[in-house]
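Chain and residue survey
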Amino acid sequence: MLDIQTLRSDIQSVEKRLESRGFSLDVAYFQKLEADRKKVQTATQELQAKRNAASKSIGMRKAKGEDASDIMAEVSNLGEELKQNEARLEEIQGKMQEFLLSIPNLPHESVPFGQSEADNVQLKRCGHPKDFGFEVRDHVSIGEGLSMLDFETASKIAGSRFTLMKGPLARLHRALSQFMLDLHTSEHGYVEVYVPYMANSDSLRGTGQLPKFEEDLFSVSNGYYLIPTAEVPVTNMVRGEILDRESLPLKFVAHTPCFRSEAGSYGKDTRGMIRQHQFDKVELVQVVHPERSYHALEELLNHAEEVLRRLELPYRVVTLCTRDIGFSAAKTYDIEVWLPAQNTYREISSCSNFESFQARRMQARFKSEGKNELVHTLNGSGLAVGRTLVAIMENFQQEDGSVVIPEALRPYMGGVGVIYP
RNA sequence: GGAGAGGUGGCAGAGUGGUCGAAUGUACCUGACUCGAAAUCAGGCGUAGGCGCAAGUCUACCGAGGGUUCGAAUCCCUCCCUCUCCGCCA
């Protein structure tokens, strides 16, 4: 959520900055709403003040045993008018809130301007795609060749876009999340957290999934939603809190399953486990002092990259352009891993600074010299586990259909160095 | 699932219709005393928002949402959460 004060004071520049990400701000609507609000709120508060004063003097007279029927008659006439004003004010404020919740974040000045995904800027490229010397297979072919990846059974159990893994491949999947958690907790200073896999609508509103993106979520009974990312439960840990300045930065890492309905992506990545309704992810979340958030973003990116370096996977980092950054983000780096079978780089992590956008929705603040100030929040995948598994299968495949285990993972695999069919 | 108790300011804890945004204690901040500290004394000390150049002033908030009333922390209704005991379960 943007600060309503900046909309009041300088809506033109807000409009302009939002335009760069393809969002057209309804300035006239805002100004109309704001004018109405001002008028009705002032009137309502005046009536309330009048009523309060009258009621107070009734109380004072009654305490002295005096008659107060004249004031009571007077103030009872206020009732209807006040009620109407209050209802009208509530309506306007509701509309204003809805309007504010639907506006995306302002892109940071360092975000490259662009019209589409094609305008994202490659920041760096690390590692070298291997020269295989044989016809590479994709992870589906490799996994099924190993008899360890079974989409048919998964769809029998649940439906399309689910995965079933068996044996050493399932273990490799588990090894990956263990490895990532250990790296981030022991070397990068994150505190491991275990969190609910369902969240309420307040939480989803806090991080920006609601109200705009409900169709991407799975909802269950009792008003719960399955989390689409650990970002939701972890970031919402600080919702409504006033933190000590000294406690910042907070750095959390969580391994959770993520559930996404992937509405509107039918026909995209239908083969394999690239785009699933359920996938595991290790998520990094930081809650920081506003002055430190861009430094923290670089640090966070580096933490995610480190996973790929240790796994010896070739990757590149791109800075998303204004048109491609997500709704809540001010700036985002995507890390893309090399997938030889697709002969391209595919997203495996997204690291974003949300500045105060989520914090304002969540009312997450810290005390600074007696004043309350909004924190900045960041998160990044460190990494998407399923896609990392895909990357390992494809980058470490051998001609006979076996898959070599990267050195860093072998302690987690009971010393196994190669997975054979 | 059954029975009971309860949700008030950072914490503790009073307040069952009226000068209550809320006593008191404690923590914290400022000042006085002190060489300094402790103790003591005095003052300050919640959140969100409106109006205003400002000083300031007004409004809302006592788990959430409705209702009754001139007036609600206090009465009524619905919901949520926490705790204790029992049952069940991993």
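Above this text sits the structure in question.
This one's a predicted model, so the numbers in the text were calculated from it and none came from an experiment.

**Topic: the sheet that holds strand E13 (residues 376–384)**
Read across the open sheet, the 8 strands follow the order E1-E8-E9-E10-E13-E7-E6-E2; overall the sheet is mixed. The two strands at the open ends of the sheet, each matched to only one other strand, are strand E1 (121–126) and strand E2 (191–192). Of the strand pairs in this sheet, strand E8 (residues 315–319) and strand E9 (residues 331–339) are connected by 5 bridges, and their pairing is antiparallel. Bridging across to E9, Tyr 315 finds its partner in Val 337.

**What about the nonpolar core?**
Residues Leu 172 and Ile 392 are the most contacted members of the largest nonpolar core, which totals 53 residues. With 8 residues, helix H7 (residues 167–186) is the largest single contributor of residues to this core. Among all residues touching Leu 172, those that are not within four sequence positions of it are Leu 389, Ile 392, Ile 405, Leu 409, Met 413 and Ile 419. Grouped together as the second largest cluster of nonpolar side chains are 23 residues, Val 27, Ile 92, Ile 103 and Phe 327 included.

**Describing helix H10 (residues 293–310)**
With 18 residues, H10 extends 26 Å from end C-alpha to end C-alpha; this agrees with the ideal 26 Å at 1.5 Å per step. For H10, the complete set of buried residues consists of Ser 293, Ala 296, Leu 297, Leu 300, Leu 301, His 303, Ala 304, Glu 305, Glu 306, Val 307 and Leu 308. Glu 312 sits one or two residues past H10 and shows a positive phi near 60°.

**Overview of the layout of surface pockets**
The space that makes up the second largest pocket amounts to roughly 240 Å³. As for the second largest pocket, its lining consists of 16 residues, and the residues nearest its centre are Leu 2, Arg 17, Asn 105, Leu 106 and Glu 355. Contributing elements (two or more residues each) for the lining of the second largest pocket: helix H1 (4–19) and helix H11 (357–362). Of all the elements, H1 adds the most residues to the lining of the second largest pocket, at 4 residues. Of the residues belonging to the lining of the second largest pocket, the class tally is 6 nonpolar, 5 polar and 5 charged.

**Let's talk about the packing of aromatic side chains**
Inspection of the entire model under this criterion finds 8 aromatic pairs. An angle of 80° between the planes, with centres 5.7 Å apart, marks the rings of Phe 327 and Phe 357 as edge-to-face. Here Phe 327, found in the loop between E8 and E9, pairs with Phe 357, found in helix H11; they are 30 residues apart in sequence, far enough to count as distant. Pair check on accessibility: Phe 327 and Phe 357 agree, each one buried. Put simply, the rings of Tyr 29, Phe 30 and Phe 99 pair up and form one aromatic cluster. Sitting over the face of the ring of Phe 396, Lys 130 holds its NZ or CZ atom 4.4 Å from the ring centroid. Lying over the aromatic face of Tyr 190, Lys 251 brings its terminal NZ or CZ to 4.9 Å of the ring centre.

**A word on the side chain of Glu 336**
Residue placement: Glu 336 occurs in strand E9. A distance of 2.7 Å separates the side chain of Glu 336 from the side chain of Arg 316, its partner in a polar contact. Apart from the residues within four sequence positions on either side, Glu 336 is in contact with Pro 314, Tyr 315, Arg 316, Val 318, Tyr 345, Arg 346, Glu 347 and Ile 348.

**Concerning the state of the cysteines**
Applying the stated criterion across every chain, the model contains 0 disulfides. Summary of cysteine pairing: Cys 258 is not part of a disulfide, and the nearest cysteine sulfur, belonging to Cys 351, is at 14 Å. Note on Cys 321: no disulfide assigned, nearest cysteine sulfur contributed by Cys 351 at a separation of 17 Å.

**Brief notes about the packing of H1 against helix H2 (residues 27–63)**
For any two helices packed against each other, the geometry comes down to the angle between their axes and how far apart the axes lie. Packing of H1 against H2 leaves a shortest axis separation of 11 Å and a crossing angle of 160°. By the criterion of interaxial angle, the relationship of H1 to H2 is roughly antiparallel. For H1 against H2, the interelement crossing comes out left-handed. Residues Ile 4, Leu 7, Arg 8, Ile 11 and Glu 15 of H1 lie in contact with H2, whose contacting residues are Val 27, Phe 30, Gln 31, Glu 34 and Arg 37. The residue makeup of the contact of H1 with H2, split by class, is 5 nonpolar, 1 polar and 4 charged.

**Some remarks on unusual backbone geometry**
Each neighbour pair has its own omega, and for Leu 210 with Pro 211 the value is 5°, a cis peptide bond. Tracing the chain through its elements places Pro 211 in the loop between helix H8 (201–207) and strand E4 (225–226). In this structure, the amide linkage connecting Gly 382 to the following residue, Leu 383, adopts the cis form with an omega of 10°. Tracing the chain through its elements places Leu 383 in strand E13. Within the chain, Glu 312 stands out as a residue other than glycine whose phi angle is a positive 60°. Looking at where Glu 312 falls in the secondary structure, it is placed in the loop between H10 and E8. The phi dihedral of Asn 343 falls on the positive side, at around 50°, and the residue is not glycine. Taking relative accessible area as the criterion, Asn 343 reaches 56% and is therefore assigned exposed.

**Overview of the protein's contact with RNA strand B**
In the region of RNA strand B, 24 residues are neighbours, and Arg 8, Arg 37, Gln 48, Arg 365 and Asn 372 sit closest. The separation between a phosphate oxygen of RNA strand B and a polar side-chain atom of Arg 8 is 2.2 Å. Contact between RNA strand B and Lys 62: a base oxygen at 3.3 Å from a side-chain N or O atom of the residue. Taken together, the elements giving at least two residues each to the surface near RNA strand B come down to H1, H2, helix H3 (69–76) and strand E11 (365–368). When residues in the surface near RNA strand B are grouped by element, the largest group, 14 residues, is from H2. Counted by class, the surface near RNA strand B contains 6 nonpolar, 9 polar and 9 charged residues.

Calculation criteria
- Residues numbered from 1 in each chain as written.
- Chains lettered and ligands numbered in written order.
- Predicted model: local features only at pLDDT ≥ 70, side-chain atom pairs only at ≥ 80, totals over all residues.
- Heavy atoms only, no water.
- Pairing = 2+ DSSP bridges.
- Helix = DSSP H or I, 4+ residues; strand = E, 2+ residues; numbered from the N terminus.
- Core = buried A, V, L, I, M, F, W, Y, C linked by side-chain atoms within 4.5 Å.
- Buried < 20%, exposed > 50% of the residue type's maximum accessible area, 1.4 Å probe, protein only.
- Contact = heavy atoms within 4.5 Å.
- Expected span 1.5 Å × (residues − 1).
- 1 Å grid on protein atoms, 1.4 Å probe; cavity = no way out; pocket = protein on both sides within 12 Å on 5 of 7 lines; lining within 4 Å.
- Points joined across faces, edges and corners; volume = space filled by probe spheres on them.
- Nonpolar A, V, L, I, M, F, W, Y, C, P; charged D, E, K, R; others polar.
- Phe/Tyr/Trp six-rings, centres within 6.5 Å; stacked < 30°, edge-to-face > 60°.
- Lys NZ or Arg CZ within 6 Å of the ring centre and 35° of its normal.
- Polar contact = N/O pair within 3.5 Å; in protein donor to acceptor, adjacent residues only side chain to side chain.
- Disulfide = S-S within 2.5 Å.
- Axes fitted to C-alpha atoms, helices over the stretch in contact; angles between N-to-C directions.
- Parallel < 35°, antiparallel > 145°, perpendicular 65-115°, else oblique.
- Left-handed = near helix turned anticlockwise from the far one by under 90°.
- Near = heavy atom within 4 Å.

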